[in-house]
Amino acid sequence: MKVQSTRPHGSPSPVRAEFGTRVAERLKANPNVRPAKTEAAQMFVHPDFLSPEECAMLMRTIDAGSRRSTLLTESNDPNFRTSDSCDLDRWSPEIQPLDERIADLLGIEPQFGETMQGQRYAPGQQFRAHHDYFHEGERYWADMEQQGGQRTWTAMVFLNTVEQGGATWFPQAGVRFKPNAGQLVAWNNMNPDGSPNKLTLHEGMAVVRGTKYIITKWFRERPWVK
Ligand SMILES: O=C(O)CCC(=O)C(=O)O
Ligand SMILES: [Fe+2]
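- Under an unreviewed UniProt entry, the chain has the name 2OG-Fe(II) oxygenase and belongs to Sphingomonas molluscorum.
- The Cofactor (unreviewed entry) field of the UniProt record for the chain holds the comment "L-ascorbate".

1. Concerning the sheet that holds strand 4 (residues 84-88)
Turning to step 1, where the next piece is worked out: Spatially, 1-2-11-7-14-5-4-3 is the arrangement adopted by the eight strands of the open sheet, whose pairing is antiparallel. Either end of the sheet is taken by a strand with one partner, and the two such strands are strand 1 (34-35) and strand 3 (67-68).
Turning to step 2, where the next piece is worked out: As paired strands, strand 7 (residues 151-158) and strand 11 (residues 184-188) are joined by five bridges and run antiparallel to one another. Looking across to strand 11, one finds that valine 157 is bridged to leucine 184.
Turning to step 3, where the next piece is worked out: Sitting on the sheet, helix 2 (residues 52-65) touches strand 4, strand 5 (116-121) and strand 14 (212-220), and the angle it makes with strand 5 is about 80°.
Turning to step 4, where the next piece is worked out: Each of strand 2 (43-46), strand 5, strand 7, strand 11 and strand 14 touches helix 3 (residues 96-106); the most contacted strand, strand 7, lies at about 125° to it.

2. Quick look at the pairing of strand 4
Turning to step 1, where the next piece is worked out: Where strand 3 lies against strand 4, two bridges are found, and the strand directions are antiparallel. Bridge pairing links arginine 67 to serine 85 in strand 4.
Turning to step 2, where the next piece is worked out: As paired elements, strand 4 and strand 5 share five bridges and run antiparallel to each other. Bridge pairing links aspartate 84 to arginine 120 in strand 5.

3. Things to note about the site of ligand 1
Turning to step 1, where the next piece is worked out: Looking at ligand 1, the residues that line it are Gln119, Phe127, Asp132, Thr168, His202, Gly204, Ile214 and Thr216.
Turning to step 2, where the next piece is worked out: For the shell around ligand 1, the class distribution of residues is two nonpolar, five polar and one charged.

4. Notes on helix 3
It helps to recall that an α-helix has 3.6 residues per turn; residues three or four apart then point in one direction.
Turning to step 1, where the next piece is worked out: Three or more residues of helix 3 are buried, namely Leu98, Asp99, Ile102, Leu105 and Leu106. End-on, the buried residues of helix 3 take up no more than an arc of 125°, which puts them together on one face. Residues of helix 3 that are exposed and point more than 90 degrees away from the buried face comprise Pro97 and Asp104.
Turning to step 2, where the next piece is worked out: At the C-terminal side of helix 3, glycine 107 shows a positive phi close to 75°.

5. Considering helix 1 (residues 14-28)
Turning to step 1, where the next piece is worked out: For helix 1, built from 15 residues, the straight-helix expectation of 21 Å at 1.5 Å per residue is met to within 8% by its first-to-last C-alpha distance of 21 Å.
Turning to step 2, where the next piece is worked out: Taken residue by residue, helix 1 has Arg16, Phe19, Gly20, Val23, Ala24 and Leu27 as its buried positions. The buried residues of helix 1 occupy one face: seen down the axis, they fall within an arc of 110°. Helix 1 presents Pro14, Glu25 and Lys28 as exposed residues on the side facing more than 90 degrees away from its buried surface.
Turning to step 3, where the next piece is worked out: On its buried face, helix 1 is in contact with strand 2, helix 3, strand 7 and strand 11.

6. Examining the nonpolar core
Turning to step 1, where the next piece is worked out: Counting residues in each nonpolar core, the largest one holds 41 residues, and the members touching the most others are Leu106, Trp153, Val157, Leu159 and Ala186.
Turning to step 2, where the next piece is worked out: Sorting the residues of this core by element identifies helix 1, strand 2, helix 2, strand 4, helix 3, strand 7, strand 11 and strand 14 as the ones contributing at least two each.
Turning to step 3, where the next piece is worked out: Excluding residues within four positions of it along the chain, leucine 106 makes contact with Val23, Arg26, Trp153, Ala155, Ala186 and Phe219.
Turning to step 4, where the next piece is worked out: Counting residues in hydrophobic clusters, the runner-up holds five residues, among them Tyr121, Val162, Ala206 and Val207.

Thresholds applied
Residues numbered from 1 in each chain as written. Chains lettered and ligands numbered in written order. Predicted model: local features only at pLDDT ≥ 70, side-chain atom pairs only at ≥ 80, totals over all residues. UniProt positions renumbered as here; feature names shortened; annotations may be inferred. Pairing = 2+ DSSP bridges. Helix = DSSP H or I, 4+ residues; strand = E, 2+ residues; numbered from the N terminus. Contact = placed C-beta atoms within 7 Å. Axes fitted to C-alpha atoms, helices over the stretch in contact; angles between N-to-C directions. Near = placed C-beta within 6 Å. Nonpolar A, V, L, I, M, F, W, Y, C, P; charged D, E, K, R; others polar. Buried ≥ 20, exposed ≤ 12 C-beta atoms within 10 Å, placed from the backbone. Arc of directions from axis to C-beta. Expected span 1.5 Å × (residues − 1). Core = buried A, V, L, I, M, F, W, Y, C linked by C-beta atoms within 7 Å.

Here you go:
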């Protein structure tokens, strides 16, 4: 979530530290997964995680269910997040297997995952630089703490190959992913000690030509589904 400051965004935590080690070990052991070229965060790529049919089904579902995307904290910039998004029902027969496949790839129990989000960006739409973790000094934190706590890992899948623009850019970690149909990117939002890793700052760059479709899954440090 946004808000830049020089204060630490949260404290170390053994539970989150353990998530980092355990999930990274599982991803490293998967022959279909490669590490991203950065030392700044634990970050991995699965180049063809979803099939063309699965991507097409998800894009149809996103088209049918989208509304304007929201933010947890109001931004002064009206163009901070201009995409459309929708919740993907984890109990629907089409979504559940995919939802559970992502959780299994990372080795996290599905109930730690928030509702999967589908997002769509038309030309000019974007999601400006932000962190996925919660800033523990913000007003919303007390509520989030009660609802599964901090976000640990993010898994994101590009559902199509965009004609121009729409890359996911980590300016501080020095990596940029061009939308590539079916490709999953997963990263740990925490440092090795379990505190928020500021270097995971990232941005969904504006689409120039074409439409961009993605799904995003955020995992919490405790079960999110009650
Ligand atoms: O659209 C992107 O490339 C990034 C999306 C993102 O950062 C998010 O959903 O948290
Ligand atoms: Fe994000």
